[in-house]
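# Overview (structure and organization)
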Amino acid sequence: MKICHGGPGYKEDERMHWLSKKRYKIGLVIPTLVVYMVFIIIPIGMSIGYSFTKYSGIGKATFNGLTNYMRLFKDRLFWISLKNTMIMFILAFVLLLSLSFLIALLLNNKLKGVDFSKSLIFSPAIIAPIIVGIIWVYILDPNIGIINNVLDAIGASGLKQKWIGGNTLSPYSIAIIYFWQQLGYLVTVFIAGLKMIPGEVLEAVEIDGASLQKTMYVTIPMMKSTISTVAVLIITGVFKIFEIVQQTTGGGPNHLSETLVTYSYSMTFNSGDYGYGMSLATFTFLLSLDHRYLFNTYKRKR
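Residues numbered from 1 in each chain as written. Predicted model: local features only at pLDDT ≥ 70, side-chain atom pairs only at ≥ 80, totals over all residues. Heavy atoms only, no water.

Counting secondary structure elements, the chain contains 14 helices and 2 strands. The buried share of the chain, taken over its 302 residues, is 33%. Within the chain, residue pairs in contact and separated by at least 24 positions form 65% of the contacts whose partners lie at least 6 positions apart. By element, 67% of the accessible surface of the chain is carried by carbon and sulfur atoms, the whole surface being about 19100 Å². (Helix = DSSP H or I, 4+ residues; strand = E, 2+ residues; numbered from the N terminus. Buried < 20%, exposed > 50% of the residue type's maximum accessible area, 1.4 Å probe, protein only. Contact = heavy atoms within 4.5 Å. Areas by Shrake-Rupley, 256 points an atom, 1.4 Å probe, with all protein chains shown as cover.)

In structure tokens form, the structure reads like this:
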């Protein structure tokens, strides 16, 4: 027996029900949108606007066009901070993307002690960056650090280095510190991605006796979105490294270990050159954007 839902008020009731659901969804979105606008979009817009001005943070800003951006390319310290940032980016990106994936593959297996290993690897991710900096100062500091003291104790003083605070090794050391802090978090993201792969697919490949082939031709292709997400997390994370640099080197000596973020902070709040500091911040923001949409649009046009 077929029941016919009729009646003059049926369509109107159905429409009202749909509208009420839509209002409910909009009501949930609006508070989040307001917070996002107030704390993200508006500050970014204000920063970009101030980057075209001469402003000390006090008084009235004076529009000066592209002067701050032209000054960037003549500033020796800008190029030093950009070089340091790119060193950290390349080193951290290669190590984090490859090793976090390999460790996730290992921990995704049912091995003895795997749960304890997951907790141990993830633990640095819950430590505040400023505390991470303090921990590594006691490891890498040329004078009080554990590494140089151990080298002294075993008679290998010739291997002692200025791991932090020197002219050369500081960006490499900071990249290693960032790697140590973020490894567990990214391993967790990869493990979550591995859990999304249907077990039937992996079992079918294992039956064929293909272990390396399973990783190369099944696991990696099916985790493209996870790998892409992790890559974006690494890129955005490296470009906003601040606390670790401030705690370990303070940008010294003579600004030689500055990154784009710390140099922007120094120019804005220490030197009072707010307009120039905002141009540095804007440049860093544009450099760290997710450019996948632009690349995909370019490919479609071609």
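Ranked by internal contacts, the top residues of the largest apolar core, which has 34 residues, are M88, L96, V238 and I241. Looking at this core, the elements with two or more residues in it are α3 (76-107), α5 (129-140), α7 (170-195), α10 (224-238) and α11 (243-248). Ranked by residues supplied to this core, first place goes to α7 with 12 residues. Excluding residues that lie within four positions of it along the chain, L96 makes contacts with F101, Y178, F179, Q182, L183, L186 and I234. Y69, L72, L77 and L82 belong to the second largest nonpolar core, which has 11 residues in total. (Core = buried A, V, L, I, M, F, W, Y, C linked by side-chain atoms within 4.5 Å.)

The subject of this paragraph is the pattern of salt bridges. Under the defined criterion, the tally for this structure stands at 2 salt bridges. The partner of D273 in a salt bridge is R71, with the nearest N and O atoms 2.6 Å apart. Note that D273 is positioned in the loop between α12 (260-270) and α13 (274-287) and R71 in helix α2 (residues 67-72), a separation of 202 residues in sequence. Residue classification places R71 among the partly exposed positions, given a relative accessible area of 35%. (Salt bridge = Lys/Arg side-chain N within 4 Å of Asp/Glu carboxyl O.)

Our focus in this paragraph is the environment of F63. Inspection of the secondary structure assignment puts F63 in strand β2 (residues 62-63). Judged by its relative accessible area of 63%, F63 falls in the exposed class. In this structure, F63 is in contact with F52 and T53, ignoring residues within four places of it in sequence.

At their nearest, the axes of helix α4 (residues 114-122) and α7 sit 7 Å apart, and the two run at 135 degrees to each other. Taken together, α4 and α7 sit at an angle that is classed as oblique. Only L183, G184, Y185, V187, T188 and I191 of α7 make contact with α4, whose side of the interface consists of K118, I121 and F122. Class assignment for the residues of the contact of α4 with α7 results in 6 nonpolar, 2 polar and 1 charged. (Axes fitted to C-alpha atoms, helices over the stretch in contact; angles between N-to-C directions. Parallel < 35°, antiparallel > 145°, perpendicular 65-115°, else oblique. Nonpolar A, V, L, I, M, F, W, Y, C, P; charged D, E, K, R; others polar.)

Next up on the list: the packing of aromatic side chains. Throughout the structure, instances matching the rule amount to 14 aromatic pairs. On the numbers, 5.0 Å between centres and 65 degrees between planes, the contact of F242 with Y265 is edge-to-face. Here F242, found in the loop between α10 and α11, pairs with Y265, found in helix α12; they are 23 residues apart in sequence, far enough to count as distant. On the accessibility criterion, F242 (22% relative accessible area) is partly exposed. Looking at Y265, the relative accessible area reads 34%, which means it is partly exposed. Consider the rings of Y265 and F269, whose centres lie 5.1 Å apart with planes at 45 degrees: the pair is tilted. Placement of both Y265 and F269 in helix α12 is noted, with a separation of 4 residues, approximately one turn of the helix. Residue F269 is classed as exposed on the basis of its relative accessible area of 57%. Taken together, the ring pairs connect F73, F78, W79 and F283 into an aromatic cluster. In this arrangement the basic side chain of R71 is found over the ring face of Y276, its NZ or CZ atom lying 3.7 Å from the centre. (Phe/Tyr/Trp six-rings, centres within 6.5 Å; stacked < 30°, edge-to-face > 60°. Lys NZ or Arg CZ within 6 Å of the ring centre and 35° of its normal.)

This part is about the side chain of T268. You can see T268 is positioned in helix α12. A polar contact of 2.7 Å, which involves the side chain of T268, links it to the backbone oxygen of S264. Look past the residues within four positions of T268 in its chain and what remains in contact with it is D273, Y274, G277 and M278. (Polar contact = N/O pair within 3.5 Å; in protein donor to acceptor, adjacent residues only side chain to side chain.)

Right, let's get into empty space enclosed by the protein. Tallied over the entire structure, the rule returns 1 cavity of 30 Å³ or more. Within this model, the largest cavity holds a volume of roughly 30 Å³. Along its surface, the largest cavity is lined by T85, V238, F239, I241, T259, L260 and V261. (1 Å grid on protein atoms, 1.4 Å probe; cavity = no way out; pocket = protein on both sides within 12 Å on 5 of 7 lines; lining within 4 Å. Points joined across faces, edges and corners; volume = space filled by probe spheres on them.)

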